[in-house]
Amino acid sequence: MFQAVHTDEDIDEVVKIAHPIWIEHYTPIIGIEQVEYMLENLHSKENIKEDIVEKGYLYFLIKTEQTIGYIGLQISEDKLFLSKIYIASGARGQGVGRLAMDYIKSLAKQHKLKKISLTVNKNNTDSITAYQKIGFAKTADVCADIGGGFVMDDYLMELEF
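Residues numbered from 1 in each chain as written. Predicted model: local features only at pLDDT ≥ 70, side-chain atom pairs only at ≥ 80, totals over all residues. Heavy atoms only, no water.

Trainee: Can you break down the overall build of the protein residue by residue, with the values?
Mentor: Looking only at helices and strands, one finds 5 helices and 7 strands in the protein. Along the chain direction, N to C, the helices and strands of the protein fall in the order β-α-α-α-β-β-β-α-β-α-β-β. The globule rule puts the C-alpha radius of gyration for 161 residues at 15 Å, and the 15 Å found for the protein is close to it. By principal-axis analysis of the C-alpha atoms, the protein measures approximately 40 × 35 × 35 Å. Counting only residues that meet the buried cut, the protein has 42% of its 161 residues in that class. Within the protein, counting contacts between residues at least 6 apart in sequence, those at least 24 apart form 59% of the total. Taken as a whole, the protein presents about 8,500 Å² of accessible surface, with 49% of it coming from carbon and sulfur. (Helix = DSSP H or I, 4+ residues; strand = E, 2+ residues; numbered from the N terminus. Rg over C-alpha atoms; globule rule 2.2 N^0.38 Å. Buried < 20%, exposed > 50% of the residue type's maximum accessible area, 1.4 Å probe, protein only. Contact = heavy atoms within 4.5 Å. Areas by Shrake-Rupley, 256 points an atom, 1.4 Å probe, with all protein chains shown as cover.)

Dropping the structure here:
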């Protein structure tokens, strides 16, 4: 179900699944202009390749019969930072998110880490609720200028286990 992203073709698949997920899920939250900006500047093939090659991120495609989502994360000395977890709308509500979080927790445990952190848009109430059900707690407000006149106004959330 979770396939590590290594090749250019894998990265192309991440980019391909990102577009419909972002357009559908984030347009009501942050508007189409910011969605398009973020897809072009944070979820492009070049950016994902840079994340993997230069920043040490790990990406995984989430697959059943087809690709239904993706994960991006970074492992450091003291925690796993969950940068991206996105699931296509047709696959939501079927336990895929919970399976993905179990997989992410297993990666953290393999690296002897006891904390997972993530950022989530303050207006992404469905995702915030889902994270809280898993055990994540809000720990800080984070507002980051991402260029183009846009900011990411997020909560930092952490799960300790």
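Trainee: Please give an account of the side chain of Gln 34 that cites residues and values.
Mentor: Residue position: Gln 34 is located in helix H2 (residues 32-42). Relative accessible area serves as the criterion here: at 9%, Gln 34 is assigned to the buried category. Those residues in contact with Gln 34 that sit more than four places away from it in its chain are Ile 146, Phe 150, Val 151 and Met 152.

Trainee: Go over the environment of Phe 81 with me, naming the residues and quoting the values.
Mentor: Mapped onto the elements of the fold, Phe 81 is located in strand E4 (residues 80-87). Sequence-wise, Phe 81 and Glu 158 are 77 residues apart; in three dimensions their C-alpha atoms are separated by 9.2 Å. Contact partners of Phe 81, with chain neighbours within four places excluded, come to Tyr 57, Gly 72, Leu 73, Gln 74, Ser 117, Leu 118 and Thr 119.

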